[in-house]
Amino acid sequence: MTAGSPRRCVITGASRGLGFEFARQLATAGEFVVATCRTPASAAGLRELLAGGGLILPLEVSDQVAATAAATAVAERVDAVDLLINAAGIEDSARSSGPVGRLDGDALVEVYRTNAVGPALVTQAFAGLLARSGRAVVLNLTSKQGSLAGATAAGSIGYAMSKAALNMLTRKLALELYQDRTTVVAMSPGWVQTGMGGQDAPLTPGESVRAMLACAGRLALTDTGAVLDHDDVLAAETREGQ
């Protein structure tokens, strides 16, 4: 990527919520957006958003074959990826949230596969394209619920476990991809007005994503491995505006 040229951005879970808002803001900024989701045929808003350019691909993030196929399709359009946003995620079901006596193993695994295994497989598939950028960023969407220190309330067992695992994945990927000059971080979006966060949340998707993109734009390789709470993300956005 040369100075001033559009970034090549891949987003998972882009048909709704924060994933869609990432796609919207990046496309509006003139970046080349590859938006992935489970069923592009039903993602009318995404198709409208990228009608003038970009790429929409099917991707079930926990499917290794599908992740590899998506990376192959992207490689046919661009020679590198500068930004990978692992935004796809699911919340707990009644059988994965607890209490412990009601937990179901299959329900726990479903949450874990999407929220933790999925980002591992997607990053694996795109690692080569990220390396060709020379200064790529992998942004994993985590949650305050994945913090061990912040685990002060019962419930949300499967979701919290999956985000804690995602935080560890971020650290491990940072160590491995450092040699390729790929920066890997996890960011908490805060409490956002999405289907998961509800309408009582204090942040709109636009506000949350704007802060995360501002933070991502200031990252250096020395920041790799960071797990950033939303307060850290907001601090970076404030510095960006100064």
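Everything below is about the structure shown above.
A. Highlighting the side chain of Thr12. With respect to the element layout, Thr12 can be found in the loop between strand E1 (8-11) and helix H1 (17-28). Within the local environment of Thr12, its side chain forms a polar contact with the backbone nitrogen of Ala87, the two atoms lying 3.0 Å apart. When residues no more than four places from it in sequence are discounted, the contact partners of Thr12 are Gly19, Thr36, Leu59, Val61, Ile85, Asn86, Ala87, Ala88 and Val122.

B. Structural context of the pairing of strand E2 (residues 32-37). In terms of residue burial, E2 counts as a mostly covered element, since six of its six residues are buried. Along E2, one buried face is formed by Phe32, Val34 and Thr36 and the opposite face, lined by Val33, Ala35 and Cys37, is buried too. Relative to E2, E1 is paired through four bridges, and the arrangement is parallel. Residue pairing for E2: Cys9 is matched across the bridge by Val33. Of the crossover connections in this fold, the one passing from E1 over H1 to the parallel E2 is right-handed. One ladder, built from four bridges, connects E2 with strand E3 (residues 55-58); its direction is parallel. Across the sheet, Cys37 pairs through a bridge with Pro58, a residue of E3. Chirality of the crossover, the property in question, places the unit of E2, helix H2 (residues 44-49) and E3 among those that are right-handed.

C. Just the environment of Met187, in detail. Take Met187: it is sitting in strand E6 (residues 183-187). Met187 sits 45 residues away from Thr142 along the chain, and the two C-alpha atoms are 5.5 Å apart. Residues within four places of Met187 in sequence aside, it is in contact with Leu139, Asn140, Leu141, Thr142, Met212, Cys215, Ala216, Leu219, Leu228 and Val233.

D. Local environment of the nonpolar core. Ranked by size, the top nonpolar core spans 32 residues in total, and within it Ile11, Phe22, Leu26, Leu46, Ile85, Leu141 and Met187 carry the most contacts. It is helix H6 (residues 205-217) that provides the largest number of residues to this core, a total of six residues. Aside from chain neighbours lying at most four places away, what touches Leu46 is Ala14, Ser15, Phe20, Ala23, Ala35, Cys37 and Ile56. Among the nonpolar cores identified, the runner-up in size contains 28 residues, and Val61, Ala70, Val81 and Leu177 belong to it.

E. Representation of the pattern of salt bridges. Under the counting rule described, the total for this entry stands at six salt bridges. Among the salt bridges present, the one from Arg24 reaches Glu21, with a minimum N-O distance of 2.7 Å. You can see Arg24 and its partner Glu21 sitting in helix H1, three residues apart, about one turn around the helix. Residue classification places Arg24 among the partly exposed positions, given a relative accessible area of 33%.

F. The arrangement of the layout of surface pockets in detail. In this structure, the largest pocket spans a volume of roughly 1100 Å³. Lining the largest pocket are 45 residues, with Leu18, Gly89, Tyr159, Thr194 and Met196 positioned closest to its centre. Only H1, helix H4 (105-133), helix H5 (157-177) and helix H7 (230-241) provide two or more residues apiece to the lining of the largest pocket. The class makeup of the residues in the lining of the largest pocket is 15 nonpolar, 21 polar and nine charged.

So, how was this worked out
Residues numbered from 1 in each chain as written. Predicted model: local features only at pLDDT ≥ 70, side-chain atom pairs only at ≥ 80, totals over all residues. Heavy atoms only, no water. Helix = DSSP H or I, 4+ residues; strand = E, 2+ residues; numbered from the N terminus. Polar contact = N/O pair within 3.5 Å; in protein donor to acceptor, adjacent residues only side chain to side chain. Contact = heavy atoms within 4.5 Å. Buried < 20%, exposed > 50% of the residue type's maximum accessible area, 1.4 Å probe, protein only. Pairing = 2+ DSSP bridges. Right-handed = clockwise from strand over helix to strand, strands pointing away. Core = buried A, V, L, I, M, F, W, Y, C linked by side-chain atoms within 4.5 Å. Salt bridge = Lys/Arg side-chain N within 4 Å of Asp/Glu carboxyl O. 1 Å grid on protein atoms, 1.4 Å probe; cavity = no way out; pocket = protein on both sides within 12 Å on 5 of 7 lines; lining within 4 Å. Points joined across faces, edges and corners; volume = space filled by probe spheres on them. Nonpolar A, V, L, I, M, F, W, Y, C, P; charged D, E, K, R; others polar.

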